[in-house]
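Chains, contacts and geometry: an overview
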Amino acid sequence: MLRIAIVGCGKIADQHVQVIQRIPDCAIVSLCDRELLMARQLAERFGISEYFSELSEMLESVSPDIVHITTPPQGHFLLAKQCLESGSHVYLEKPFTVTYQEAESLIQLAESSGLKITAGHNYQFTLEMLEMRQLINEGFLGGKPVHMESHWTYDLGDVSYVGPVLGSRTHWVRQLPGQLLHNIISHGIAKLSEFLDDDLTEVVTIAHQSTRLQTLGGDEVLDELRVLMRDKDGTTAFFCFSTQIKPGLNQFRICGPRNSIMVDQVSGSLVQTRDRSFKSYLTFFIPPLVSAWQHLGNAGRNIANFMGRRLYQDSGMTELIGRFYNSIRKEEPPPIPYREILLTAKIMDQIFSQIYGDK
């Protein structure tokens, strides 16, 4: 039985508790938050007996096997370091750390301590992303990826989040090097990091503030981002973050030398595009029919997965956390390679340095 603790009892902590309770052979034994009332309220909602306001006290008293850290990112490094030094494995919510140097230091500490650490890139483990990875492993692309595109959007209509951020220059989001972007884009960047080489030869970034954000009083906060990347092998990638694209996009396209795949995480769909030529006017008829058949198949699979209780909100988080726990039980590599976590952090550092400068 794995003994789990959660540090940071804000909104996202509820999701973690609900997900952990779905996973067999583990139990949440303690909660921790600097605001003890937050920890107590979460404990009362989910029937958790132990809660603390000081991490050191919790670690000494409870000695959890794994600690989930769901605080604002500025605290991730020191909190994770303290947990690792006390002998606990660590699950860090996104973004993993504020800087690449912090990420590298934590991973080195975990490895030297014989412990595991992972990042909360749960969108990497949705059903359609798992299917995409299986196709790629089977050679569907026909070789190394040639080009990738990752689109990630956020709706500024969520006033409960954006209002406090825009209303205070001292809000923790505004204190991040990448501000609003820093707290959101790691999910989309992580998809690219999986297939890019560590040696990036180009990262070109442009960013601006949308008219909508200007009307809300966004000051220096940027909410439109476009990034072009190329690695040493010539693989190119494009990342787009937007608060204005409607309807919202959460898509990933990966193109190989023979075939391509498009994943739409809004609809839980995957579409394969094969390199096939058709004579005459058949090229206008057959590809749309093939695409329509795939979409019908996606709908059928989603219905079956929903009925079979595999498709639900936070299913990707459940899959990631379950795999992380199994990697600890079985002493196997963690579900997200450290190389990908570090590359994501490195790319984000470069993006924010280009648009905001070094802070």
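What you see is a predicted model, and the numbers here were worked out from it, not measured in a lab.

Scoring rules and cut-offs
- Residues numbered from 1 in each chain as written.
- Predicted model: local features only at pLDDT ≥ 70, side-chain atom pairs only at ≥ 80, totals over all residues.
- Heavy atoms only, no water.
- Disulfide = S-S within 2.5 Å.
- Buried < 20%, exposed > 50% of the residue type's maximum accessible area, 1.4 Å probe, protein only.
- Pairing = 2+ DSSP bridges.
- Helix = DSSP H or I, 4+ residues; strand = E, 2+ residues; numbered from the N terminus.
- Salt bridge = Lys/Arg side-chain N within 4 Å of Asp/Glu carboxyl O.
- Contact = heavy atoms within 4.5 Å.
- Axes fitted to C-alpha atoms, helices over the stretch in contact; angles between N-to-C directions.
- Parallel < 35°, antiparallel > 145°, perpendicular 65-115°, else oblique.
- Left-handed = near helix turned anticlockwise from the far one by under 90°.
- Nonpolar A, V, L, I, M, F, W, Y, C, P; charged D, E, K, R; others polar.
- Phe/Tyr/Trp six-rings, centres within 6.5 Å; stacked < 30°, edge-to-face > 60°.

This next bit is on the state of the cysteines. Think of a disulfide as a covalent bridge from one cysteine sulfur atom to another cysteine sulfur atom. Tallied over the full model, the rule gives zero disulfides. Cys26 forms no disulfide, and the closest cysteine sulfur to it belongs to Cys9, at a distance of 17 Å. Lacking any disulfide linkage, Cys255 is separated from the closest cysteine sulfur, that of Cys240, by 16 Å. For Cys255, a relative accessible area of 19% translates into the label buried.

Two modes of strand pairing occur in sheets, parallel and antiparallel, and in both the strands are linked by backbone hydrogen bonds. The strand order β3-β2-β1-β4-β5-β6 describes an open sheet built from six strands, whose pairing is parallel. Lying at the two open borders of the sheet, with one neighbouring strand each, are β3 (51-52) and β6 (117-119). Inspection of the sheet shows strand β4 (residues 66-69) paired to strand β5 (residues 89-92) by four bridges, in the parallel sense. The residue of β5 that forms the bridge with Ile66 is His89.

Moving on to the pattern of salt bridges. All chains considered together, the criterion is met by 13 salt bridges. Of the charged contacts, one joins Glu194 and Arg133 as a salt bridge, the two residues approaching to 2.7 Å between their closest N and O atoms. Taken as a pair, Glu194 in the loop between α9 (186-193) and β8 (200-208) and Arg133 in helix α6 (residues 127-137) lie far apart in primary sequence, 61 residues in all. Across the pair, Arg133 and Glu194 agree in class, each one buried. Lys246 is the partner of Asp155 in a salt bridge, and the nearest nitrogen-oxygen pair spans 3.3 Å. Of this pair, Asp155 sits in the loop between β7 (147-153) and α7 (159-167) while Lys246 sits in the loop between β10 (236-242) and β11 (250-255); the two residues are 91 residues apart in sequence, bridging distant segments of the chain. Within this structure, Arg169, Arg174 and Glu220 form a network of salt bridges that share partners.

Below, the discussion takes up the side chain of Gln294. Mapped onto the secondary structure, Gln294 falls in helix α11 (residues 286-307). Excluding anything up to four places from it in sequence, Gln294 contacts Leu270, Val271, Gln272 and Arg301.

Where helix α5 (residues 100-112) contacts helix α13 (residues 338-356), the two axes come as close as 8 Å, and the packing angle between them is 165°. Between α5 and α13, the crossing angle belongs to the class labelled roughly antiparallel. Between α5 and α13 the crossing geometry is left-handed. Along its contact with α5, which presents Tyr100, Gln101, Ala103, Glu104, Ile107 and Glu111, the element α13 presents Tyr338, Ile341, Leu342, Ala345, Lys346 and Asp349. For the contact of α5 with α13, the per-class residue count stands at seven nonpolar, one polar and four charged.

The next thing to look at is the sheet that holds β10. Spatial ordering of the open sheet is given by β8-β9-β10-β7-β11-β12-β13, a layout of seven strands whose pairing is mixed. The sheet is open, and its two borders are formed by β8 and β13 (269-273), each paired with just one other strand. Each strand of the sheet is rotated relative to its neighbour by a mean of 10°, with strand direction disregarded. Bridge count for β7 against β11 is six bridges, and the pairing is antiparallel. Looking across to β11, one finds that His147 is bridged to Cys255. Seen against the sheet, α13 touches β8 and β9 (224-231) and runs at an angle of roughly 50° to β8.

The next subject is the packing of aromatic side chains. Within the structure shown, the criterion is met by five aromatic pairs. Ring centres of Tyr123 and Trp152 lie 5.0 Å apart, and the angle between their planes is 85°; this geometry places the pair in the edge-to-face category. On the criterion of sequence distance, the pair formed by Tyr123 in the loop between β6 and α6 and Trp152 in strand β7 is long-range, its members being 29 residues apart. Taking the relative accessible area as the measure of exposure, Trp152 reaches 8% and is therefore buried. Here Phe195 and Phe252 contribute two aromatic rings whose centre-to-centre distance is 6.2 Å and whose plane-to-plane angle is 15°, an arrangement assigned as stacked.

Running from N to C, helix α1 (residues 11-20) and helix α12 (residues 315-329) cross one another at 65°; their axes reach a closest spacing of 10 Å. As for how α1 packs across α12, the hand of that crossing is right-handed. On α12, the residues that touch Gln15, His16, Val19 and Ile20 of α1 are Met317, Thr318, Ile321 and Tyr325. A class-by-class count of the residues in the contact of α1 with α12 yields five nonpolar, three polar and no charged.

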